[in-house]
Every structure is written in structure tokens, then in C-alpha cells.
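As a plain string of letters, each chain reads:
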Amino acid sequence: MTTRRHAVFWWVLVVMFLFPYGFSLLISGGSLRLPVGFFELCVRSFSQALGSTATTLGLGILGAAFLIKAGQTAKRLSFWEGIALLPAIAPSSAMVFGFMDMLPNFRGVWAVTIAHALISMGFVSVILARAIRDRIGASLELAWVEGASRWVMWRRAVLPSLKSDLFAVSVTIFFSSLASFSVPLLLGGSQAVTFEIAIHHAIRLENAWDIAAALSVFQLSLLVGAVALLRFGQENKSVLARHRESVSRLGIGRVVGSFLGFPVVVFGSAVVLFSLFRHPIEGWAQLQTSGLFENLDALWLTLQGGLATSTLAGVLTSTLLLIFVSLYPSDSKMRWMSAYVAPSTAITGFATLAIGWGHPPSFFWDVLRISVGAAFLFAPVLWRLRWEGELRKLNGQVQVARTLGANHRLICLRILFPQLWPTFFWSGGLVSFWMWGDYALGSIAASRSMTVGMLAKSLMESYRLEAASLILAFSIMAGAISYRLFTLGGLRVGR
Amino acid sequence: MRRPKVLLTAGLVGVLLGIIVYNGRQFGIDGLNLSRQVPAKKTQTLRVLAYSSFISSWGPGPTLARMFEHEYGKKFPDSAVNVELLQADDAGLLLAKMKVLSSDVVLGFDQFSRPLAKKSAGWKKHQVKELRFSDEEFLAFDWAPIGFVYREGEIDPPVSLADLLHPRFHGKIALQDPRSSSPGFQFLSWVASDMPGNKTVEYLRKLKSNVHSVSGSWSQSYGLFTRGLASVVLSYATSPLYHRFTEKDERYRFAVFKSPHPVQVEFAAIPETCEQCDLAAQFLNFINAPPAQAVIMNKNWMLPVNEVAARGTPFADIMAALSDSSRFGRTGAENLFNVRPLTVVQADNTERDQLLRTWQGVAF
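Residues numbered from 1 in each chain as written. Chains lettered and ligands numbered in written order. Predicted model: local features only at pLDDT ≥ 70, side-chain atom pairs only at ≥ 80, totals over all residues. Heavy atoms only, no water.

(A) Molecular detail of the overall build of chain B. The helix and strand inventory of chain B stands at 14 helices and 11 strands. A sequence separation of at least 24 residues applies to 72% of the contacts in chain B between residues at least 6 apart. Accessible surface, chain B as shown: approximately 15,000 Å² in total, 52% of it carbon and sulfur. (Helix = DSSP H or I, 4+ residues; strand = E, 2+ residues; numbered from the N terminus. Contact = heavy atoms within 4.5 Å. Areas by Shrake-Rupley, 256 points an atom, 1.4 Å probe, with all protein chains shown as cover.)

Below you can see the structure in the form of C-alpha cells.
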């Protein structure tokens, strides 16, 4: 592929990613208006997000120590990673309801911070544990043999080598905390303000697209700031990578592992499971009286919608990242991608309504809209979490191949794609898992109720919370199966 | 390596295409030009945009659609109508979504979004006359007083706003955030009108210790209540009927206050951009007739605007309780029910902002 064609593709991607921002400007007719109390909004949102990020990171490191200690065999590792990941993929309302059940009088900014930490810390633990095993597992074992103490190894080896990972994870947690909606509203009360709440308020209550657009533009400027900041993150170029030899490093469990992180890994999942399965009999009774089983066409449509959106969203997100990778992005382009965050779910959802504009509503367009919206939202997250690290690992091979005269097609087919297939399927699986429980994006982008998450939300709005909990539990199981199928595909293709 | 890759990709694509083509047959895929089999009769499509729980399987939407199609078929045997229900998530998104989804009827505005809707879009006049709460463009189709629901035997019910400050409610009241929930704003506006000026802030500050939680939506708040985490919840006067009829649970009660309750009214309207405007007008006529009103009442758990539909049902008892003149000491058309007149329970943007700032000033 020529440099010119690369540039064209690159700009197509940039325009695509900036489209949700542009869409809000288009609807507002180009006018921008900051909401009343904008300064207060920034102060409160940022302080809450910073608090959530710091707490999540702290607890995530502790959880990583437990995963290293407990995950000594592949089976055990999968089990504990599954437990750790559950809160991050379950709907946030399940976590909040369980949290309120267990700590009925705990409210305010600290409650918001801890709930955010409960949701994300397991996810962070998994990522950090993998990074420690893959990157410095061997050195740690050597240091242990030489007699280094656990504290010295954490301080001198583990934390410094994780600097860029911690930075990437921090950016993800920080932006997801800024975009949080249910958690701050339920646990933070009237003082809780986030950008998502402000955008929600502007669009839903005031139909004030100029405010939504102004907040989006502000987010865009944050993005530019983050790009500049990420220069700092590039000092250490070793970022997250796929683990291949993780389980073989039995020794590092003794070296840096600790059972102290057990509650971090288990507590979040316990809260979610407690919340989802608290009243299964009532849930079943509510489902039966809802008339859902009498209208099997609607139920069938929901299941198909769930399957189609979760599969297509996974494939589209991974394909988008694969296209980006195949353009050999320069350092600055990689930084751009690392800093990119889609605007609020609401704005992204609305932007996808431009797809199929003028066509009557149909299943096809609904599935496509939801999937494209999911790709916008998840591609940057997955890029930061894994793709960037993978690409940097392959950069050396690509450079050598280019020096030896290999053309673009050959490099993609022989170097990039074969080594990126597992990452492709892993990302697809994760997005597919998330999309089974989605309702925020689907309810805006789709013209009818067609995903399992939307079904659960609709049940909740009709007095049937326990039925909604059962449906959400089903969506988690369906998501897990979907993820497994994707990753099995990755293993098969990667062989 | 190549074969499994091809097989897997083909499998995935096959499953997706299968689902899409199947649905194309079932529901029509205009994007792929695979439309549903054309029936012999001339078929018109009426697009109705509504909030998601209205058009869900258990909501009134699908039944109303079938009834309207059937009634139309009887009236005009040579032609047929297909009612397509489109979802807009919640009522707050109706205006935003109707910009991008063309529809003939929009259903679900409340008294707060109605002024905004009037300002930001053009609406056709409907032909239905003399119904409570309606104006010439926005037709009310259901309503319910708002107040507090409790479980009998669990707590002594509140009898007034002032009573909510009593220590027996310590940490037991579930409210909704007025920034994101219509009933939540109703409560704030109720407090502000009954206790104007500084008294609003004073009241909210005192209420703080009795509040269990402030949720983003009515459904979350009601979920906390049904799970027993809160003992009293801000909800609709009709909420206990759901538990009574669907769950056979008689414990749920609505606390009728002596001072007037705010009301939540839902409206339907025909946008000026409608394609099937005549059909839309017929649909509005239809949803206000007693049979359709009964469906809305029983599936949406709200009071009918056409009272004939409620006769002989427990919904009529609620209306009777709220219009008990001996209890509230007033009669006459304006205050037939113990509810605040609609003119009071709507607010423009400035009033709304001011109230919301007051709310945010009191840290719940």
C-alpha cells in the first residue's frame, strides 16, 4: 500500500472517530453553550474521577498480587480471572443495588469512589497480573533466588516496570468514571455530577443540544491534552502484552504474590451475584406474569438481536483495530488512539442514527447502528488495554521486513495478522460479552427493543426488578459463552 | 491454519446473515430491499414513537396496535393498516429521537416536556374534544397522582409533606433525582410550591436524614423499595394496583395527603412532519375511546382520562378516594380530584433551573 493510500485510510479513520463529536455540533446547528455551574461540574467530576482512579489502582495492585499467588495453574487462573472480571461486565445497577443492600447507610463521594473501584478493580487486577507475569516474571524469579525481599521487588522492579501500564489503565478508569451515570446518582446524591449526568440532563430534560455539543467539545479538548500527556507515557515503551508463558512461572507466586488481595478479587463478584440472584423465585413469577412467554415473537427477536449485535459489535470493533494496525501507525498516531475516548454513550448513540438515514426502521439498520456505536466506544479501550502493546511487540519484525523489501500485503499476511489473530478474537469476545448486557447504547440507537439488556431495563421500568435481575444473569451467562466461543476461535485460528 | 480460519469466518458470517435474512422476512429489511411479502390489500404503515416500557410485550403498545389494525380492517375492508411501534428509550428522549426517526404519532410527553416539545417542533391539531388535561395539539391519554407508596404494617404512613420529616422515617424514604426523573422533579416542585422561598431549602435540609436514597430513575428507586431497602417511595397512586393484581400482594398502599397531590399526565401528539396524518388522527381518537383506555389503564398502570373505562374497576376507587369532597372539603370541576391543577405542575426552563440549583445546594 502506498504512503498516500495509507494517509487516505488514516484520515477516513480519524473522520469516523470524530464523527460522534461532529454529530452533536451538527444537531446543535454549530452553537455551543456551557451549562450553568460548569466550573463546579469540572471540579466535582474530576475530583470524583481522580479519587475513583486512585482507589481502583491501589486495590487493583493488591488484587493482582492475589491473582499471581492463586493462579498457579491454567484452570485456577481462568477461574480467578473470571471471578475478578465479573463486576466489570455486569450492569452497574446490579453492583449498586448489592452495595446498598450490604452497606445501607454509606453514601457520598466516598461511596461513589468505592463503588467505582469495586466495579473496575478486578479488571485492573487481571491486566496487571498478566503484565507482571509476562514482562518481568523471569527477572523476579532470578531476584528471588538472589535473596531480594518482597518489598524491594515490588518497589524496585514491579511498580517501575508497570509505569506505562498503570498510566494506560488510569486513563481508562478516569474517563469511565467521568462517564459514569447510575453510580454517582444513586450513591452520591444531589452533589454527584459527572459529564454523563450533565449531558443526560441537557439532552433528555432540556433538549439542549448546544450544551451537549459544548460538553463534547470540552471532552475533545481533554483528548488533545491527553495526547500531549501521553508523551510521558511513551518513555517506557513496554505496554500490555498477551500472556503466553504466564502459568509456567510458578515461582513468582511466592515472590510477589499475596493472599491479602483475596477480598479485592472476590468482594465485587459477591456483591453482583448477591444482587442478581437474591430473589430468583419472585423473578421467575414476575417473568411469567409479564406475558413475555406469550409473545414468543418478541422474545425471539430479542434473542436474535442480542446474538446479532454482540457478534457483529465484536467483529466490527476488532476489525476496526486490525485496519488501524495494518496502517503501521506512527508514534503520534498511536498516541492519538490511546488518548481517544468516544463522547458520552448518549451522543455516540445518536450519532449512529445517521447510519441508514432516510430508510425506514428495520432489524438490519438497528443491528448495524448498535454495533458501530459499540465499536466507537470499545475500540479505544481495547487499544489501550492490549492492541498497542501487541503492535509495539511486532514493530521490530515489521521494520526488518520493510528493510528487506517486503510489501504491505506480505507484512500484513505473514507478520501482523497471524500474530494478532488471538488478540482479534479476544477483543471481539470481550465486546460481545459487554454487548449482551447493553441497554444504554441500544435504547438510543435502535428503533425497537431488541437486546437482552433493553429487555431487562424495560422489565425494571414496569415494576419487575427481580425478573430484570434474572434476565441480566442470563445476559452474563450468554456473554460468557459468547466470549468463550470467540476466544476458542482465536486459539484455533492462531494455531 | 487457513482452513479453520475460513470455516470460522464463514460460520460467523453465516449466522449473522441467517438472522438478518430471517428477520428480513419477518419484519422487513428495507436496507437490503428484502421487504415483507406484499399483501393483496393496500397496506399503510402508521409509525408510533413511544417510550420503551409502553411498547414492550407487557406494555399496552402491542395490544393497542393489534386492536387498531383490527378496527381499521373492519371499517375499511379494502385496505389494511400496519402499526409499527418505535422505541425512544424513555420519555425524555422522545424529542431528540423524533428528529431522526420519522413517525406519525409521538406518545409519552409529560407536562414538563410538553412546553419544550411545543417550542422545538410543529404539531398538528387533533380532533378529540373535551378531555381532561388536553389542549388542541397534545392529547392526554393517561394520568396518575404522585405521592408516597408504603407497605401496610411496616410503617405508619405519612399524611403530609411535613409529616415526612418525622423521625419514624429516618433513612427510609426513596426519592428520585429531579435532574433526571420526572416524578423526582414533581416532588421538588411540590415542595417548592407548598413551602416557597427559603422554606424549600429548610425543608429539604430537614428531610435529608430521612432519605434513604436518591435514584436516577423511578424504576431504580422503586426497585430499592420492593427489595425492602426503603420503606416509603415516591411513586404513582396506581402503583399498589400492580402488586394487588399481578402479585396478589395487598400490602402496598398509597398515602393520600390532605394537601393536593401533583399529577403526572402523559400526552400523545401528531408531528407536523407526519406521513400518515389522517391515520394518526384516527389513532388518537382510538386511544381515547374506552376499550383502548382500558388497555392503557391495565397495562400501563395509570388512570384513564376517559373515566368510562375505569367504571367498576379498582382504578375508579382511586379516583373516588381522591375526589372525596367530605375529606378534602372541595368540589367543582377545577378541584374535582385532590390534585394540583396542571398549570401549577409545569415549569419553564428558568423555573426548572432555579429549582434544580436549590436541590443541588442541599447535599443529599
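Back to the write-up after that little detour.
(B) Fine view of the overall build of chain A. Broken down by element type, chain A carries 21 helices and zero strands. Taken over the C-alpha trace, chain A has a radius of gyration of 22 Å; the compact-globule value for 495 residues is 23 Å, and the two agree within 12%. Along the first, second and third principal axes, the C-alpha set of chain A runs to 65 × 55 × 50 Å. Residue pairs in contact within chain A that sit at least 24 positions apart in sequence constitute 84% of those at least 6 positions apart. Surface accessibility of chain A: about 18,500 Å² in total, with carbon and sulfur atoms responsible for 68%. Here chain A carries 39 positive and 22 negative side-chain charges, and the mean point of each set is 11 Å from the other. (Rg over C-alpha atoms; globule rule 2.2 N^0.38 Å. Lys, Arg positive; Asp, Glu negative; His and termini not counted. Charge placed at Lys NZ, Arg CZ, Asp CG, Glu CD.)

(C) Representation of the interface of chain A and chain B. Each side of the interface is counted separately: chain A has 84 residues, and chain B has 76 residues. The junction of chain A with chain B conceals about 6,900 Å² of combined surface from both sides, 61% of it contributed by carbon and sulfur atoms. Our count for the contact surface shared by chain A and chain B stands at one salt bridge. Tallying contributions element by element places helix H14 (residues 296–326) of chain A first for the side of chain A that touches chain B, with 10 residues. Residues of the side of chain A that touches chain B, tallied by class, amount to 42 nonpolar, 28 polar and 14 charged. (Buried area = accessible area lost by both parts, 1.4 Å probe. Salt bridge = Lys/Arg side-chain N within 4 Å of Asp/Glu carboxyl O. Nonpolar A, V, L, I, M, F, W, Y, C, P; charged D, E, K, R; others polar.)

(D) Expanded view of the packing of aromatic side chains. For the structure on display, the rule yields 48 aromatic pairs over all chains. Between the aromatic rings of Phe46(A) and Phe195(A), the centroid separation amounts to 6.1 Å while the plane-to-plane angle is 25°, which identifies the pairing as stacked. Of this pair, Phe46(A) sits in helix H2 (residues 38–70) while Phe195(A) is found in helix H9 (residues 195–205), placing the two residues 149 residues apart along the sequence. For Phe46(A), a relative accessible area of 22% translates into the label partly exposed. By the ring-pair criterion, three or more aromatic residues cluster together here, those being Tyr463(A), Trp218(B), Tyr222(B), Phe225(B), Tyr236(B), Tyr242(B), Tyr252(B), Trp301(B) and Phe315(B). (Phe/Tyr/Trp six-rings, centres within 6.5 Å; stacked < 30°, edge-to-face > 60°. Buried < 20%, exposed > 50% of the residue type's maximum accessible area, 1.4 Å probe, protein only.)

(E) Representation of the environment of Leu86(A) within the structure. Residue and element names in this part refer to chain A. Mapping Leu 86 onto the fold places it in helix H3 (residues 74–89). With 33 residues separating them along the chain, Leu 86 and Ile 119 place their C-alpha atoms 8.4 Å apart. In contact with Leu 86, other than residues within four places in its own chain, are Ser 269, Val 272, Leu 273 and Ile 476.

(F) Structural detail: the pairing of strand S8 (residues 232–236) of chain B. Residues and elements named next belong to chain B. Among the five residues of S8, five are classified as buried, and the element is accordingly described as predominantly covered. Pairing of strand S5 (residues 139–151) with S8 involves five bridges; the strand directions are antiparallel. Counterpart to Gly 147 in the pairing with S8 is Ser 235. The pairing of strand S6 (residues 173–176) with S8 spans two bridges and is classified as parallel. By the bridge assignment for S8, Ala 174 is matched with Val 233. (Pairing = 2+ DSSP bridges.)

(G) Focus on the packing of helix H6 (residues 150–161) of chain A against helix H7 (residues 163–178) of chain A. Residue and element names in this part refer to chain A. Viewed as axis vectors pointing N to C, H6 and H7 meet at an angle of 50°, and their least axial separation amounts to 4 Å. Viewed along their axes, H6 and H7 adopt a mutual orientation that is oblique. In contact with Leu 159, Pro 160 and Ser 161 of H6, H7 contributes Lys 163, Asp 165 and Leu 166. Broken down by class, the residue content of the contact of H6 with H7 amounts to three nonpolar, one polar and two charged. (Axes fitted to C-alpha atoms, helices over the stretch in contact; angles between N-to-C directions. Parallel < 35°, antiparallel > 145°, perpendicular 65-115°, else oblique.)

(H) Molecular detail of the environment of Val152(A). Residue and element names in this part refer to chain A. Considering the arrangement of structural elements, one finds Val 152 in helix H6. Relative accessible area serves as the criterion here: at 28%, Val 152 is assigned to the partly exposed category. Along the chain, Val 152 and Arg 414 lie 262 residues apart, while their C-alpha atoms are 42 Å from each other.

(I) Inspection of unusual backbone geometry at higher detail. Phi is positive for Tyr463(A), which is not a glycine, with a value near 70°. Relative to the elements of secondary structure, Tyr463(A) occurs in the loop between helix H20 (452–460) and helix H21 (465–494). Look at Tyr463(A) and you get buried, because its relative accessible area is 7%. In this structure, Lys248(B) is a non-glycine residue whose phi angle is positive, near 55°. Mapping Lys248(B) onto the fold places it in the loop between helix H9 (239–246) and strand S9 (252–255).

(J) Region of the structure containing the pairing of S6(B). All names here are of chain B. Side-chain alternation along S6 places Ile 173 and Leu 175 on one buried face and Ala 174 and Gln 176 on a second face that is also buried. Across four bridges, the pairing between S6 and strand S7 (residues 211–215) is parallel. Bridged to Ile 173 within S7 is Val 211.

(K) Structural context of the nonpolar core. Counting 163 residues, the largest nonpolar core has Ile203(A) and Leu416(A) as the members making the most contacts within it. It is helix H17 (residues 363–403) of chain A that contributes the most residues to this core, 19 residues altogether. One finds Val149(B), Leu175(B), Tyr236(B) and Ala310(B) within the second-largest nonpolar core, a separate group that totals 75 residues. (Core = buried A, V, L, I, M, F, W, Y, C linked by side-chain atoms within 4.5 Å.)

(L) How the structure looks around the pattern of salt bridges. Residue and element names in this part refer to chain B. The full count for this structure, using the stated rule, is 21 salt bridges over all chains. A salt bridge links Arg 253 to Glu 152, with the nearest nitrogen and oxygen atoms 3.3 Å apart. Here Arg 253, found in strand S9, pairs with Glu 152, found in the loop between S5 and S6; they are 101 residues apart in sequence, far enough to count as distant. We classify Arg 253 as partly exposed; its relative accessible area is 30%. One network of salt bridges, with partners in common, ties together Arg 114, Lys 118, Asp 135 and Glu 137.

(M) Structural view of the side chain of Glu466(A). By the secondary structure assignment, Glu466(A) is in helix H21. Assessed through its relative accessible area of 7%, Glu466(A) is described here as buried.

(N) Focus on the confidence of the model for chain B. All names here are of chain B. Residues of chain B with pLDDT of at least 70 account for 80%, and the chain-wide mean is 82. No element of chain B has a lower mean pLDDT than helix H13 (residues 325–328), which averages 46, and none a higher one than S8, which averages 95. Here residues 27–38 scores under 50 on pLDDT; set against residues more than four positions off or in separate chains, the count is 27 contacts. Every residue in residues 325–337 is under pLDDT 50, and counting partners more than four places away or in other chains gives 24 contacts. Overall fold confidence (pTM) sits at 0.80, and the ipTM for the predicted complex is 0.75. (pLDDT = per-residue confidence, 0-100.)

(O) Highlighting a nonpolar patch on the surface. Residues and elements named next belong to chain A. Where nonpolar side chains cluster on the molecular surface, the patch consists of Met 102, Leu 103, Phe 267 and Phe 274 and spans about 310 Å² of accessible area. If you trace the backbone, Phe 274 turns up in helix H12 (residues 262–276). For Phe 274, a relative accessible area of 35% translates into the label partly exposed. (Patch = residues over 30% accessible without salt bridge, like charges linked within 9 Å, V, L, I, M, F, W, Y side chains within 5 Å.)

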